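Residue-level structural notes
As a plain string of letters, each chain reads:
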Amino acid sequence: MKIKTDGIILDIDGTLWNTTGVVAKAWNKAIADCGFVAALVNASGLQKEFGKPMNVIADDLWPALSQEQKDRLMEQCCVREQEALKENHEDISYPAVRDTIKALAQKFRLYIVSNCQSGYIELTMEKNKIADFISDHECYGDTGLGKADNLRLLVRRNGIKAPVYVGDTQGDADACREAGVKFVWAGYGFGSVQEFAAKVDRFGQLLDLFQNLD
């Protein structure tokens, strides 16, 4: 059974690509340079955190630090992360992401909503060469809002009548339920989800999942 929609909203990490290997190295450089003691990170640990707002990630990873230290460290982690991803030439996207997005954009308007820092969506679009296919985007770093509120904001701003969100974590599913958006679980990603309108085991399966509103 196909899902009728006039707007497909995409998550990033665990849905479009897996940056955790690159990001772990970058964050550990920031941690080494921070001037205070903070636990190092690894790719598998970051997979459990990605999808959460940046302040929540900092609370989870470094609970013993003061709020000022968390803020300073996360700021430097984000700087190092952006640098590392810009310099990375390895293809870390999931199979067929660009081709699938290009094909979907012929029939549907596509969007991105993420709990990421400012500039990360733009970098993702640049590195994956998908900017021409994305109509609008929103993130925690730009608004200070959680995913549910950013979904509402983007849906309202673009007049989407039957939005659907493609993400990979329970947090994504919870945000969609709160925002009244149908949720499609990217089962190949980072998380485990209890309830969803549909599940895909690879990104390319999205091509057969949707149909336009009548």
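Above this text you will find the structure in question.
This is a predicted model, so every value here is computed, not measured. (Residues numbered from 1 in each chain as written. Predicted model: local features only at pLDDT ≥ 70, side-chain atom pairs only at ≥ 80, totals over all residues. Heavy atoms only, no water.)

**Observations regarding the packing of helix H3 (residues 54–61) against helix H4 (residues 67–87)**
One can describe the packing of H3 onto H4 by two numbers: an axis separation of 10 Å at closest approach and a directional angle of 115°. In terms of axis orientation, H3 runs roughly perpendicular to H4. In this structure, the crossing between H3 and H4 has a hand that is right-handed. Residues Met 54, Ile 57, Ala 58 and Asp 59 of H3 form the contact with H4, whose own contacting residues are Gln 67, Lys 70, Met 74 and Cys 78. Broken down by class, the residue content of the contact of H3 with H4 amounts to five nonpolar, one polar and two charged. (Axes fitted to C-alpha atoms, helices over the stretch in contact; angles between N-to-C directions. Helix = DSSP H or I, 4+ residues; strand = E, 2+ residues; numbered from the N terminus. Parallel < 35°, antiparallel > 145°, perpendicular 65-115°, else oblique. Left-handed = near helix turned anticlockwise from the far one by under 90°. Contact = heavy atoms within 4.5 Å. Nonpolar A, V, L, I, M, F, W, Y, C, P; charged D, E, K, R; others polar.)

**A look at the packing of aromatic side chains**
Enumeration over the complete set of coordinates arrives at six aromatic pairs. On the basis of an interplanar angle of 55° and a centroid distance of 6.3 Å, the ring pair of Trp 27 and Phe 50 is categorised as tilted. One end of the pair, Trp 27, is in helix H1 (residues 20–33); the other, Phe 50, is in the loop between helix H2 (43–49) and H3, with 23 residues separating them in the sequence. Considering the side-chain rings of Trp 185 and Phe 196, the 5.3 Å spacing of their centres and the 45° angle between planes classify their relative orientation as tilted. One end of the pair, Trp 185, is in strand S6 (residues 182–186); the other, Phe 196, is in the loop between S6 and strand S7 (198–200), with eleven residues separating them in the sequence. Through pairs of rings, three or more aromatic residues link up here, namely Trp 27, Phe 50 and Trp 62. (Phe/Tyr/Trp six-rings, centres within 6.5 Å; stacked < 30°, edge-to-face > 60°.)

**Some points on the nonpolar core**
Trp 27, Trp 62, Val 184 and Phe 210 are the most contacted members of the largest nonpolar core, which totals 60 residues. Of the residues forming this core, the biggest block, seven residues, is contributed by H1. Ignoring sequence-local partners within four residues, the contact set of Phe 210 consists of Lys 2, Ile 3, Thr 5, Ile 8, Leu 104, Phe 108, Val 164, Val 166 and Val 184. Core analysis: the next-biggest nonpolar cluster, separate from the first, contains 17 residues, Ala 148, Val 155, Ala 175 and Phe 183 among them. (Core = buried A, V, L, I, M, F, W, Y, C linked by side-chain atoms within 4.5 Å. Buried < 20%, exposed > 50% of the residue type's maximum accessible area, 1.4 Å probe, protein only.)

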